[in-house]
Amino acid sequence: MDLNIYFDHGITSQIGLFWQQVRAPLLVPFLKIMVILCLAMSLMLFVEKVYMGIVIVFIKILRQKPEKKYKWEPIKDDLELANSSYPMVLIQIPMYNEREVYQLSIGAACNLSWPADRILIQVLDDSTDPITKGMVEQECKRWASKGVNIKYEIRDNRKGYKAGALKEGMKHNYVKMCDFVAIFDADFQPEFHFLLRTVPFLVHNPEIGLVQARWKFVNSDECLLTRMQEMSLDYHFKVEQEVGSSNHAFFGFNGTAGVWRISALNEAGGWKDRTTVEDMDLAVRAGLKGWKFVYVGDLKVKNELPSTFKAYRYQQHRWSCGPANLFKKMVGEIASNKKVSIWKKFYLIYSFFFVRKIIAHIVTFIFYCVIMPTTVLIPEVQVPIWGAVYIPSTITLLNAVGTPRSFYLLIFWILFENVMSLHRTRATFIGLFEVGRVNEWVVTEKLGDGIKAKTSTKASKKSRFRIGEWYNKVHFVEIFVGLYLMLCGWYDYSFGKNRFYIYLFLQGIAFLVAGFGYIGVFVPNS
């Protein structure tokens, strides 16, 4: 017994000695440098958020609607020209095994208010499931029998994924007669007046290459996961897109619910599959050619948010990895461009890409989930209160104004965004260094009304707030980070003086909840 006590004491002493020897010469200087870097990044993000907040206030006060900035008037019927006064519009609907939602987008597109002989609907079906493929083809035949000009197109492979399908769709001879192309993902349902609201901008303003509408989420109340997504995306659509359109006539195309001038699309080089954000890639290239973009914030297109944690993780990987990878590929091209102003190049490189797509992800995870908790264990390094409290609080409040109805969920949203910053940061580095899953494309799972009806009959409402299948619900990285935060919280509670433990315990619990999969809805296997 004495020998065991001596042995345990010796091991503990050695660990303590090693910790003291490493902490002073190595960890303390490194941590101080990281704190300075993170504070600098926080200030950059803070300035960006305040700038956009000020701009959006002026936009609202001055009521700067795009109809006032650009020429807009409805396309009028001409008795002599008949329907030829309306431009020919192509509607593209890319699909991949969209059994639950394919009827929604096809039906909505076929019901758009536009002369029947001046619209062409193209369903680009990359489905690998033969049953789904047959169902989509049959739906197209059904609408064709009603006199709708609809084409069902398939290809032999999925090269380029969505970008490849859209690119292939533009190669058909009948597309040459079209002036504009509207794109809707499989779960998007445009209102009947969508073209009547958007196309006039393109007809009357030859410098405009893209008109983008806002997304409206039909399942935002599905669960806490969808409520959190709504808060993040509302800020993007109500602030970021509005500011980009108003101040720079540029924003990132959202890949759907938008109308392109086909000549602008072709001049930019068409669709490319070099990143997982083919829509943003096209937008940046078109912007560098001098084309202007218009965002119509009061025109909403219904769509579905991913309501399972698995689907949301895949989506966020693509949305974080792709922009970082595109930034790496295009930063030199943007800097050397001769067609756009220095101010616009600065906006693209610094604001649009560097701060929003890279800094925002990295600082959220590294600073608030790694560096700040570690300073609890190393009290020689301290984070000033303005960096630990005031700046993140201001940034959070500025983000929350986009969804006032969810303001009471603010604490949950902060904790959830910090959890997701782990995946976004990892995906950002994968994109910057082009390693691992840099070109991974997983179609975001849509549940539609059908599967939700089945779910409600097979599981109680309470069980829908459990997460996914058991075999895929445990995420070890989140669990590890959660345990580390709990350890730091316990240490701060026992020995610290700054009361970080309140935040650390809450954030640790959030990571553990995500790690064990208790986010989203429960989807039965059958």
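Residues numbered from 1 in each chain as written. Predicted model: local features only at pLDDT ≥ 70, side-chain atom pairs only at ≥ 80, totals over all residues. Heavy atoms only, no water.

Q: Got a minute to help me understand the overall build of the protein chain in this structure?
A: Of the regular secondary structure elements, the protein chain holds 16 helices and seven strands. For 526 residues, the compact-globule estimate of 2.2 N^0.38 gives 24 Å, and the protein chain sits close to it at 26 Å. With the C-alpha coordinates of the protein chain rotated into their principal frame, the extents come out at 105 × 55 × 40 Å. Restricting to contacts in the protein chain with at least 6 residues of sequence separation, those with at least 24 account for 82%. Carbon and sulfur atoms provide 62% of the accessible area of the protein chain, an area that totals close to 24300 Å². The protein chain carries 63 positive and 47 negative side-chain charges, and their two centres are separated by 3 Å. (Helix = DSSP H or I, 4+ residues; strand = E, 2+ residues; numbered from the N terminus. Rg over C-alpha atoms; globule rule 2.2 N^0.38 Å. Contact = heavy atoms within 4.5 Å. Areas by Shrake-Rupley, 256 points an atom, 1.4 Å probe, with all protein chains shown as cover. Lys, Arg positive; Asp, Glu negative; His and termini not counted. Charge placed at Lys NZ, Arg CZ, Asp CG, Glu CD.)

Q: Hey, could you run me through the environment of W291 in this one?
A: Checked against the element boundaries, W291 lands in the loop between α9 (278–288) and β7 (292–303). For W291, the contacting residues outside a window of four places in its chain are P206, E207, I208, G209, A249, R261, S263, A264, E267, A286 and K344.

Q: Looking at this structure, how should I read the UniProt feature "transmembrane region" (unreviewed entry) in the protein chain?
A: As recorded in UniProt, the feature "transmembrane region" (unreviewed entry) lies at residues 33–59, 347–368, 388–416, 474–494 and 500–523. The span residues 33–59 shows a helical share of 100% and a strand share of 0%, and its end C-alpha atoms are spaced 39 Å apart. Taken end to end, residues 388–416 has its terminal C-alpha atoms 18 Å apart, with 69% of it in helix and 0% in strand. (UniProt positions renumbered as here; feature names shortened; annotations may be inferred.)

Q: What is the right way to read the packing of helix α15 (residues 476–495) against helix α16 (residues 501–515) from this model?
A: Relative orientation of the contacting elements α15 and α16 amounts to 160°, with a least axis distance of 8 Å. As the angle between them shows, α15 and α16 are arranged roughly antiparallel. Regarding α15 and α16, the two cross each other, and that crossing is left-handed. Contacts between α15 and α16 involve E478, I479, V481, G482, L483, L485, M486, C488, G489, W490, D492 and Y493 from the former and Y501, L504, F505, Q507, G508, I509, F511, L512, A514 and G515 from the latter. (Axes fitted to C-alpha atoms, helices over the stretch in contact; angles between N-to-C directions. Parallel < 35°, antiparallel > 145°, perpendicular 65-115°, else oblique. Left-handed = near helix turned anticlockwise from the far one by under 90°.)

Q: In this structure, what is going on with a nonpolar patch on the surface? I would like to understand it.
A: A grouping of V474, F476, I509, V513, F516 and Y518 is seen on the molecular surface, where their side chains present a nonpolar patch of about 560 Å² in accessible area. If you trace the backbone, F476 turns up in helix α15. (Patch = residues over 30% accessible without salt bridge, like charges linked within 9 Å, V, L, I, M, F, W, Y side chains within 5 Å. Salt bridge = Lys/Arg side-chain N within 4 Å of Asp/Glu carboxyl O.)

Q: It is not clear to me how the packing of aromatic side chains should be interpreted in this structure. Could you clarify?
A: The geometry of an aromatic ring pair is captured by the separation of the ring centres together with the interplanar angle, meaning the angle of the planes. Under the definition given, this model contains 23 aromatic pairs. With centroids separated by 5.1 Å and ring planes inclined at 70°, the aromatic side chains of F184 and F194 adopt a geometry described as edge-to-face. Placement of F184 in the loop between β4 (180–183) and α6 (194–204) and of F194 in helix α6 is noted, with a sequence separation of 10 residues between them. Here F194 falls in the buried class, since its relative accessible area comes to 1%. Consider the rings of F429 and F433, whose centres lie 6.3 Å apart with planes at 20°: the pair is stacked. In this pair, F429 and F433 both sit in helix α13 (residues 410–433), four residues apart, roughly one turn of the helix. Looking at F429, the relative accessible area reads 32%, which means it is partly exposed. (Phe/Tyr/Trp six-rings, centres within 6.5 Å; stacked < 30°, edge-to-face > 60°. Buried < 20%, exposed > 50% of the residue type's maximum accessible area, 1.4 Å probe, protein only.)

Q: Is there a simple way to explain the sheet that holds strand β6 (residues 258–261) in this structure?
A: Sheets are built from strands that pair by backbone hydrogen bonding, the pairs being arranged parallel or antiparallel. Here seven strands make up an open sheet; going across it, the order is β3-β2-β1-β4-β6-β5-β7 and the pairing mixed. Looking at which strands have only one partner, the edges of the open sheet turn out to be β3 (150–153) and β7. For this sheet, the mean angle separating the axes of adjacent strands, direction not counted, is 20°. Looking at chain direction, strand β5 (residues 208–217) and β7 are connected through nine bridges and run parallel. Across the sheet, V211 pairs through a bridge with V294, a residue of β7. (Pairing = 2+ DSSP bridges.)

Q: What exactly am I supposed to notice about the packing of helix α10 (residues 309–335) against helix α11 (residues 342–377) here?
A: The relative placement of two packed helices comes down to the angle between their axes together with the axis-to-axis distance. At a minimum axis distance of 10 Å, the contact between α10 and α11 shows a crossing angle of 155°. What the angle tells us is that α10 and α11 run roughly antiparallel. As α10 runs across α11, the sense of the crossing is left-handed. Along its contact with α10, which presents S320, P323, L326, F327, V331, I334 and A335, the element α11 presents K345, L348, I349, F353, K357, I358 and H361. Tallied by class, the residues present in the contact of α10 with α11 amount to 10 nonpolar, two polar and two charged. (Nonpolar A, V, L, I, M, F, W, Y, C, P; charged D, E, K, R; others polar.)

Q: Where do I start with α11 in this structure?
A: Because the α-helix completes a turn every 3.6 residues, residues three or four places apart line up on one side. Taking 1.5 Å per residue, 36 residues should reach 52 Å; α11 reaches only 46 Å between its end C-alpha atoms and comes up short. When the local axis directions of α11 are compared, the greatest deviation, roughly 50°, occurs at F354. (Expected span 1.5 Å × (residues − 1). Bend = angle between axes of the 7 residues up to and from the residue.)

Q: Mind showing me how you'd approach the state of the cysteines here?
A: Under the criterion given, the structure shown has zero disulfides. Take C110: it sits in no disulfide, and the sulfur closest to it among the cysteines is that of C140, at 7.5 Å. A disulfide-free cysteine, C369 has its sulfur positioned 11 Å from the sulfur of C38, the nearest such atom. Taking the relative accessible area as the measure of exposure, C369 reaches 1% and is therefore buried. (Disulfide = S-S within 2.5 Å.)

Q: Looking at this model, I keep getting lost on the UniProt feature "domain: Glycosyltransferase 2-like" (unreviewed entry) in the protein chain. Mind explaining?
A: Sequence positions flagged by UniProt for "domain: Glycosyltransferase 2-like" (unreviewed entry) are, in local numbering, residues 181–388. Across residues 181–388 one finds 58% helix and 14% strand; the C-alpha atoms that close the span lie 47 Å apart.

Q: I'm lost on unusual backbone geometry in this one. Help?
A: Glycine aside, residues mostly have negative phi angles, and peptide bonds mostly take the trans form. One non-glycine residue with positive phi stands out, namely Y161, at about 55°. For Y161, the location among the structural elements is in helix α5 (residues 161–169). Located in the positive-phi region is A257, a residue other than glycine, with phi close to 60°. Mapped onto the elements of the fold, A257 is located in the loop between α7 (224–248) and β6. By relative accessible area, A257 is classed as buried at 0%.

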